[in-house]
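Structural overview for review
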Amino acid sequence: MPRTTPERSSQFRKGALELAILALLGERPRYGGELVDELSARPGLETTAGTVYPLLSRLAKAGAVRTTWQESSAGPPRKYYDLSASGRRDLAALTLEWTRLARGLDTLLKEVTP
């Protein structure tokens, strides 16, 4: 029986975290630390800044997110991330893909799991 390895788990979570970040940014702009906190508050989506910031950088380079600096009452200015029009299309497409995959996998597991 295959065991869950850190590598397998990491690859599985990477796509899920990207979709989760897009979903949170689809609701409203957020800064990186806020994304880390919100993801970590949800079971199964716990993560670190070391995972979130590279994903945000990749999404920004791909044109899915825009960045702006905003003043903060609690310290230095913060870099906020917001979905671009392209990012909103990506979110819609990935949501549909995820939903189809999850339903198919759920159905399969119910059929074959004793």
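Our subject is the structure listed above.
For the structure given in this document, a descriptive report is provided here. If you're wondering where the values come from, they're calculated on a predicted model, not measured in any experiment. Within every chain, residues take consecutive numbers counted from 1 along the sequence as written. Given that the model is predicted, a residue must reach a pLDDT of at least 70 before its local features are reported, and side-chain atom pairs must reach 80 or more before they are shown or counted; all residues, however, enter totals for whole chains, interfaces and linings. Side-chain calculation: all heavy atoms of the structure are included, whereas hydrogens and water are not.

Observations concerning the nonpolar core
- We define the nonpolar core as a collection of buried residues of types Ala, Val, Leu, Ile, Met, Phe, Trp, Tyr and Cys that are connected through side-chain atoms lying within 4.5 Å of one another. Burial classification: accessible surface area is computed with a 1.4 Å probe over protein chains only, and a residue below 20% of its type maximum counts as buried, one above 50% as exposed, and the rest as partly exposed. Of all hydrophobic cores here, the largest spans 19 residues; its most connected members are I21, L25, L35, L39, V52 and L56.
- Helix and strand assignments come from DSSP, with helices taken as H or I runs of at least 4 residues and strands as E runs of at least 2, each series counted from the N terminus. Secondary structure elements with two or more residues in this core: α1 (6-27), α2 (32-40), α3 (49-61) and β3 (75-83).
- Of all the elements, α1 adds the most residues to this core, at seven residues.
- Any pair of residues with heavy atoms lying within 4.5 Å of one another is described as a contacting pair. When neighbours within four sequence positions are excluded, V52 is seen to be in contact with I21, G32, L35, V36, L39 and T47.

A closer look at the pairing of β3
- In terms of strand pairing, strand β1 (residues 30-31) meets β3 through two bridges, oriented antiparallel. The partner of Y31 across the bridge, within β3, is Y80.
- We treat two strands as partners when DSSP finds at least two bridges between them. Pairing between strand β2 (residues 65-72) and β3: seven bridges, direction antiparallel. Bridged to V65 within β3 is L83.

Examining the side chain of E38
- Tracing the chain through its elements places E38 in helix α2.
- Among the polar contacts listed, one links the side chain of E38 to the side chain of R28, at a separation of 3.5 Å.
- Here E38 is in contact with L24, R28 and R30, once residues within four sequence places are set aside. Pairs of N or O atoms within 3.5 Å make up the polar contacts considered here, provided that, within protein, one atom can donate a hydrogen while the other can accept it, and that residues adjacent in sequence are counted only when both atoms are side-chain atoms.

Describing the sheet that holds β2
- Judged by pairing direction, the sheet is antiparallel, and its three strands sit side by side in the order β1-β3-β2 without closing on themselves. Strands with a single pairing partner mark the edges of an open sheet, and in this sheet they are β1 and β2.

What to know about the packing of α2 against α3
- Between α2 and α3, the least distance of the axes is 10 Å, while the angle of their chain directions is 125 degrees. Classified by the interaxial angle, the pair formed by α2 and α3 is oblique. Both α2 and α3 take part in a crossing whose hand is right-handed. Judged by residue contacts, G32, G33, L35, V36 and L39 of α2 engage A49, V52, Y53 and L56 from α3.
- Partitioning the contact of α2 with α3 into residue classes produces seven nonpolar, two polar and no charged. Orientation is described by axes fitted as lines to C-alpha atoms, over the contacting stretch for helices, and by angles from 0 to 180 degrees between their N-to-C directions. Note on terminology: angles under 35 degrees are roughly parallel, angles over 145 are roughly antiparallel, angles of 65 to 115 are roughly perpendicular, and the others are oblique. The sense of a crossing depends on the near helix, which, turned anticlockwise from the far helix by less than a right angle, makes the crossing left-handed and, turned clockwise, makes it right-handed. Three residue categories are used. Nonpolar comprises Ala, Val, Leu, Ile, Met, Phe, Trp, Tyr, Cys and Pro, charged comprises Asp, Glu, Lys and Arg, and polar comprises the others, including Gly.

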